[in-house]
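Residue-level structural notes
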Amino acid sequence: LGFLLTLLVCLLSSSKSVMAQKFLVGKLKFHLFELLQRMALLAAAQMAILSFLLEYDDISAWWSEHSDVDAVGGAIDAEQFALLLAGNGFLAFLLNYTNFMTTKKTSALTVTVAGNVKHMLTILFSVMMFQNPISALNAVGTIVTLVGAVLYSGIDYREKTRVKLAAASV
């Protein structure tokens, strides 16, 4: 199940990058903020529905536990909660903005490869810092991801250099 969910995440992430490139560079040429606004509204609606359907009991239990003044840690401060929520939203905005800007300046494939390298580095750092165990299959997958990213970067660099040299000679 975990492997299938990982494949689904890769598929959806890649689809998002390809669609963003089509909207930013293709015929439509959306402005970054317009694309962010359109995608954010859809994503918020999807997440609200999924959260309600899949995690309603957990969210209710957490909220009732943290809204009780007599609980061990006391009630959660509404202003603090709103500030944390707004900060999280702002960081998500910055992440999407840089993702779309990178997609516009490079390509959807470059963004996808960079995302895969980020996931691989997250796994590597968690193994190094927290001594998380890693199976042989996980190690092979991490190495394949790293080698693939290096190969893609080398080929992409050579192709761009070739195009620049061809344009300069004309």
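This text goes with the structure placed above it.
Everything in this summary refers to the structure shown in the same document. (Residues numbered from 1 in each chain as written. Predicted model: local features only at pLDDT ≥ 70, side-chain atom pairs only at ≥ 80, totals over all residues. Heavy atoms only, no water.)

1. Considerations on the overall build of the protein chain
- Counting its regular elements, the protein chain contains five helices and zero strands.
- Taken from N to C terminus, the helices and strands of the protein chain fall in the order α-α-α-α-α.
- Relative to the globule expectation of 15 Å for 170 residues, the C-alpha radius of gyration of the protein chain, 21 Å, shows a markedly less compact shape.
- Within the protein chain, buried positions represent 12% of all 170 residues.
- Relative to all contacts within the protein chain whose residues are 6 or more apart in sequence, the contacts with residues 24 or more apart total 57%. (Helix = DSSP H or I, 4+ residues; strand = E, 2+ residues; numbered from the N terminus. Rg over C-alpha atoms; globule rule 2.2 N^0.38 Å. Buried < 20%, exposed > 50% of the residue type's maximum accessible area, 1.4 Å probe, protein only. Contact = heavy atoms within 4.5 Å.)

2. A short note on the packing of helix α4 (residues 108–130) against helix α5 (residues 136–169)
- At a minimum axis distance of 10 Å, the contact between α4 and α5 shows a crossing angle of 145 degrees. Crossing handedness for the pair α4 and α5: left-handed. Of the residues in α5, those touching α4 at Leu109, Thr110, Val113, Asn116, Val117, Met120 and Ile123 are Thr142, Thr145, Leu146, Ala149, Tyr152 and Asp156.
- Considered class by class, the residues forming the contact of α4 with α5 number eight nonpolar, four polar and one charged. (Axes fitted to C-alpha atoms, helices over the stretch in contact; angles between N-to-C directions. Left-handed = near helix turned anticlockwise from the far one by under 90°. Nonpolar A, V, L, I, M, F, W, Y, C, P; charged D, E, K, R; others polar.)

3. Let's talk about the packing of aromatic side chains
- For the structure shown, the criterion picks out nine aromatic pairs.
- Centroid distance tryptophan 62 to tryptophan 63: 5.9 Å. Interplanar angle 45 degrees. Geometry classified as tilted.
- Assessed through its relative accessible area of 34%, tryptophan 62 is described here as partly exposed.
- Ring centres of tryptophan 62 and phenylalanine 81 lie 6.0 Å apart, and the angle between their planes is 35 degrees; this geometry places the pair in the tilted category. Taken together, the residues tryptophan 62 in helix α2 (residues 32–66) and phenylalanine 81 in helix α3 (residues 78–105) connect sequence positions 19 residues apart.
- Pairwise contacts between aromatic rings join Phe33, Phe90, Phe93 and Tyr97 into one cluster. (Phe/Tyr/Trp six-rings, centres within 6.5 Å; stacked < 30°, edge-to-face > 60°.)

4. Description of the environment of alanine 78
- The topology assignment puts alanine 78 in helix α3.
- The spatial distance from the C-alpha of alanine 78 to the C-alpha of serine 67 is 9.3 Å, given a sequence separation of eleven residues.

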